[in-house]
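The lines below spell out each chain.
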Amino acid sequence: MRENLKIGILGGGQLGSMLLRYAIDFGLSVSVMDKDANAPCARYTSSFTNGDQKSFDDVIAFGKDKDVITIEMEAVNIDALRELEKQGKKVFPTPDTIQVIQDKYTQKQFLQSHHIPVVPGVPVAGKKELHEVADKLPGCLKKRRDGYDGYGVMVLKTSADIEKAFDQPCVLEELVDIKHEIAVIVGRNEYGDVQCYDPVMMVFSEEKFILESQVAPAQLDAGLAEEAIALAEKVADALQLVGILAVEMFVTKDNKILVNEMAPRPHNSGHHTIEASTTSQYEQLIRAILGLPLGDTKLHLPSLMLNILENEGLRADREEKFSSLLAIPGAHLHWYGKIGSRLGRKVGHVTVTGSTMEDILAKAETIRKILN
């Protein structure tokens, strides 16, 4: 690792702040840019730039003195990143990889072109085109760009639901008969070395489409787990990934695995790796983008991760709730320190570890009651 290497992160949210923790272990000089001057990373680095990740000029100005640039969100200016590559900067994941994943329909087309099973779907420009494909309902409607944490996803059951639909470019997917939702985090470096974490089982809110909790390892038959890992590796190789990638998948009632979505960055489904794995997803990203050997992904403890969503109870007596939570053995709190207030937004998470899954599930139920 070259001395005085300068790393830049586009995006200053909680993913960036957790990444900073591991950059410190490597003695790295890290700068962060985010359009929110009060983003969580702003308080954790002396090199924070208030700028728009979607602005060509802002990204160029930020990246001009950096050696390596990475992201904690997909909504970044691709043209600027390509220009920085021409100037000799290393950009990981590459602009080509980010561009494929920025658009959910482009994602789907890319996966299909590499013979990777996906949920069938069709592009629609807005409500008018939705009426033209109403015979495909019921279906799941997703904004093609800039959706996150359940924003930009809705289920349309009949043509009557089209009135409340997004009137912008979307993809309308078939409703899949889902038994499980799982995810695999995969890391890959410039040399093509690949390491996957064990699949995790995810539980989503049926109303908000936001991840409520995940269990690691996923309670899957060994054959299905191996198939999921092989699919994640195939996707990473197809993308020529340098960095880490979350591959979200559906396991259908007849035990088929379909890729749902991808995220080329640290991901909510990999938070547990901080406490439960030999190498966290954040350290793995640093290793991958610096061309270092990838770390051991072994899960040394079973775990359950609970997202903390802002609610009235937390506003009223957060200190008391956190004291009760932290008294539980094996509970580790991550509070993101977001400024401002919005009910339902993701403001932290708790990872619970233990010797048995039964013990972990019991602790998690206690924590749920504390936080609500």
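Placed above this text is the structure.
What this report covers is the structure whose coordinates are included nearby.

Cut-offs applied
Residues numbered from 1 in each chain as written. Predicted model: local features only at pLDDT ≥ 70, side-chain atom pairs only at ≥ 80, totals over all residues. Heavy atoms only, no water. Helix = DSSP H or I, 4+ residues; strand = E, 2+ residues; numbered from the N terminus. Rg over C-alpha atoms; globule rule 2.2 N^0.38 Å. Buried < 20%, exposed > 50% of the residue type's maximum accessible area, 1.4 Å probe, protein only. Contact = heavy atoms within 4.5 Å. Areas by Shrake-Rupley, 256 points an atom, 1.4 Å probe, with all protein chains shown as cover. Lys, Arg positive; Asp, Glu negative; His and termini not counted. Charge placed at Lys NZ, Arg CZ, Asp CG, Glu CD. 1 Å grid on protein atoms, 1.4 Å probe; cavity = no way out; pocket = protein on both sides within 12 Å on 5 of 7 lines; lining within 4 Å. Points joined across faces, edges and corners; volume = space filled by probe spheres on them. Nonpolar A, V, L, I, M, F, W, Y, C, P; charged D, E, K, R; others polar. Axes fitted to C-alpha atoms, helices over the stretch in contact; angles between N-to-C directions. Parallel < 35°, antiparallel > 145°, perpendicular 65-115°, else oblique. Left-handed = near helix turned anticlockwise from the far one by under 90°. Salt bridge = Lys/Arg side-chain N within 4 Å of Asp/Glu carboxyl O. Pairing = 2+ DSSP bridges.

### Examining the overall build of the protein
- A count of helices and strands for the protein gives 11 helices and 18 strands.
- Taken over the C-alpha trace, the protein has a radius of gyration of 20 Å; the compact-globule value for 372 residues is 21 Å, and the two agree within 12%.
- Taken along its principal axes, the extent of the C-alpha atoms in the protein is 60 × 50 × 45 Å.
- For the protein, the residues scored as buried account for 56% of the 372 residues in total.
- Across the protein, contacts joining residues at least 24 apart in sequence account for 62% of those joining residues at least 6 apart.
- Roughly 16,300 Å² of accessible area belongs to the protein as shown, and the carbon and sulfur atoms make up 48% of that amount.
- Taken together, the 42 basic and 53 acidic charged side chains of the protein have centroids lying 3 Å from each other.

### Structural notes on the layout of surface pockets
- Within this model, the second largest pocket holds a volume of roughly 270 Å³.
- Glu-212, Asn-307, Leu-309, Arg-368 and Asn-372 are, among the 13 residues lining the second largest pocket, the residues nearest its centre.
- Of all elements in the fold, only strand 13 (211-216), strand 16 (303-309) and helix 11 (357-371) reach the threshold of two or more residues within the lining of the second largest pocket.
- In terms of residue count, the dominant contributor to the lining of the second largest pocket is strand 16 (4 residues).
- Classifying every residue of the lining of the second largest pocket by side-chain character gives 7 nonpolar, 4 polar and 2 charged.

### Overview of the environment of Ala-232
- Structurally, Ala-232 can be placed in helix 7 (residues 222-239).
- In this structure Ala-232 comes out as buried when scored by relative accessible area, which is 0%.
- Ignoring any residue separated from it by four or fewer positions in sequence, one finds Ala-232 in contact with Val-184, Val-186, Cys-196, Val-247 and Met-249.

### As for the packing of helix 1 (residues 14-25) against helix 9 (residues 281-289)
- For the pair helix 1 and helix 9, the least separation of the axes is 8 Å and the interaxial angle reads 70°. If you check the angle between helix 1 and helix 9, you find them roughly perpendicular. Considering how the two elements wind past one another, helix 1 and helix 9 form a crossing that is right-handed. For the pair formed by helix 1 and helix 9, the contact residues are Leu-15, Met-18, Leu-19, Tyr-22 and Ala-23 on the first element and Tyr-282, Glu-283, Leu-285 and Ile-286 on the second.
- Looking at the contact of helix 1 with helix 9 residue by residue, the class counts come to 8 nonpolar, no polar and 1 charged.

### Examining the packing of helix 4 (residues 95-102) against helix 5 (residues 104-113)
- Look at helix 4 against helix 5: their axes get within 5 Å of each other, and the N-to-C directions meet at 110°. Of the possible angle classes, the one that applies to helix 4 and helix 5 is roughly perpendicular. Where helix 4 approaches helix 5, its residues Val-100, Ile-101 and Gln-102 are matched on the opposing element by Lys-104, Thr-106, Gln-107 and Phe-110.
- Class assignment of the residues belonging to the contact of helix 4 with helix 5 gives a composition of 3 nonpolar, 3 polar and 1 charged.

### Concerning unusual backbone geometry
- Residues Phe-92 and Pro-93 are joined by a peptide bond in cis, for which omega reads -5°.
- Leu-137 connects to Pro-138 through a cis peptide bond whose omega is 5°.
- When you line up the elements, Pro-138 lands in the loop between helix 6 (127-132) and strand 7 (139-143).
- Although it is not a glycine, Gln-240 adopts a positive phi angle of roughly 55°.

### Here's the deal with the pattern of salt bridges
- Within this structure, the stated rule accounts for 19 salt bridges.
- Across the pair Lys-253 and Asp-177 runs a salt bridge, and its minimum N-O distance is 3.2 Å. Note that Lys-253 is positioned in the loop between strand 14 (243-252) and strand 15 (257-263) and Asp-177 in the loop between strand 9 (170-174) and strand 10 (178-188), a separation of 76 residues in sequence.
- Taken together, the shared-partner salt bridges connect Lys-108, Lys-142, Glu-173 and Glu-261 into one network.

### Quick notes on the sheet that holds strand 8 (residues 153-156)
- With antiparallel pairing, 4 strands are arranged side by side in an open sheet as 6-9-7-8. The open sheet terminates on both sides in strands that have one partner only, identified here as strand 6 (121-124) and strand 8. The mean inter-strand angle of the sheet, taken between neighbouring strand axes irrespective of direction, is 25°.
- Pairing analysis gives 4 bridges linking strand 6 to strand 9, with the strands arranged antiparallel. By the bridge assignment, Val-124 is partnered in strand 9 with Cys-170.

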